[in-house]
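Tertiary structure, described
Each chain, letter by letter, is given below.
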Amino acid sequence: VAQGRAKGWKVISADAKGSWPTLADQIENYVQMKVDAIVVAMSDLPSIKATIAAANKAKIPVISIDSGSAPGVVADITTDNYVMGSKISSFFVDRLNHEGNIIVFKFSEHHGTRKRGRALDMVLLENPGIKVLATHNLPPAGFMQDAQAKMETYITQFGDKIDAVWCPWDGPAMAVTMALQAARIGRDKVFVTGV
């Protein structure tokens, strides 16, 4: 935003807070405002395809950031989520010395975090000494609160059996860490990874 403004552009930003319907409404508003371009970050493009089509019809280019490709999107600026998932998962199992009990948080509604979770699944296939105590799929909206509450439940349910927690990105990793800290469980007992 600051860089765009420094170039003399009028930059309008909004946060859909993980709600795809809210994002669709925001894009529709931008189409009505006749903006010059729309940039969408970390979204689920199939969920907003009608508004992408509306922007295309109005000759407004749509660019996405780490949202995957979809018809009507000019370009997706992204990272290689398979590589990120593989790196963090390899680090995760190495740090566990290839055995222990883990909790897994996933987010299947986004292509990038879904790919990271698939990379974890492949790494775990080769590490039978690691037991998944529980897997939880995070919701798009309110994922921080959900991750913290679910981790509190897992702490009560599994107690000192938990050795580590795998998270697909840093937001839920922070929420999980807050739950562990509140339960006075330090990094020496349970570590948390995220991207």
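Report follows, based on the coordinates. (Residues numbered from 1 in each chain as written. Predicted model: local features only at pLDDT ≥ 70, side-chain atom pairs only at ≥ 80, totals over all residues. Heavy atoms only, no water.)

**Section: the sheet that holds strand 3 (residues 73–77)**
Spatially, the 3 strands line up as an open sheet ordered 1-2-3, and their pairing is parallel. The outermost strands of the open sheet, each flanked by one partner alone, are strand 1 (38–41) and strand 3. Taken over all neighbouring pairs, the strand axes of this sheet differ in orientation by 20° on average, direction set aside. Of the strand pairs in this sheet, strand 1 and strand 2 (residues 62–65) are connected by 4 bridges, and their pairing is parallel. From the neighbouring strand, Val 39 faces strand 2, where its bridge partner is Ile 63. (Pairing = 2+ DSSP bridges. Helix = DSSP H or I, 4+ residues; strand = E, 2+ residues; numbered from the N terminus. Axes fitted to C-alpha atoms, helices over the stretch in contact; angles between N-to-C directions.)

**Side note on a nonpolar patch on the surface**
A surface patch of nonpolar side chains, about 270 Å² in accessible area, is lined by Val 39, Ile 65 and Ile 77. Its location among the elements puts Ile 77 in strand 3. Taking relative accessible area as the criterion, Ile 77 reaches 54% and is therefore assigned exposed. (Patch = residues over 30% accessible without salt bridge, like charges linked within 9 Å, V, L, I, M, F, W, Y side chains within 5 Å. Areas by Shrake-Rupley, 256 points an atom, 1.4 Å probe, with all protein chains shown as cover. Salt bridge = Lys/Arg side-chain N within 4 Å of Asp/Glu carboxyl O. Buried < 20%, exposed > 50% of the residue type's maximum accessible area, 1.4 Å probe, protein only.)

**Structural notes on the packing of helix 4 (residues 81–95) against helix 5 (residues 111–125)**
Packing of helix 4 against helix 5 leaves a shortest axis separation of 8 Å and a crossing angle of 40°. One way to sum up the angle between helix 4 and helix 5 is to call them oblique. Crossing hand, helix 4 versus helix 5: right-handed. For the pair formed by helix 4 and helix 5, the contact residues are Asn 81, Tyr 82, Met 84, Gly 85, Ser 86, Ser 89, Ser 90 and Val 93 on the first element and His 111, Gly 112, Lys 115, Arg 116, Ala 119, Leu 120, Val 123 and Leu 124 on the second. For the contact of helix 4 with helix 5, the class distribution of residues is 7 nonpolar, 7 polar and 2 charged. (Parallel < 35°, antiparallel > 145°, perpendicular 65-115°, else oblique. Left-handed = near helix turned anticlockwise from the far one by under 90°. Contact = heavy atoms within 4.5 Å. Nonpolar A, V, L, I, M, F, W, Y, C, P; charged D, E, K, R; others polar.)

**Describing the nonpolar core**
Ranked by internal contacts, the top residues of the largest apolar core, which has 22 residues, are Ile 103, Phe 105, Met 151, Tyr 154, Ile 162, Val 165 and Val 176. Secondary structure elements with two or more residues in this core: strand 4 (100–106), strand 5 (130–137), helix 6 (143–158) and helix 7 (170–182). Excluding residues within four positions of it along the chain, Val 176 makes contact with Phe 105, Ala 147, Met 151, Val 165, Cys 167 and Val 192. Counting 18 residues, the second-largest nonpolar core is a separate cluster that includes Trp 20, Ile 38, Val 62 and Ala 70. (Core = buried A, V, L, I, M, F, W, Y, C linked by side-chain atoms within 4.5 Å.)

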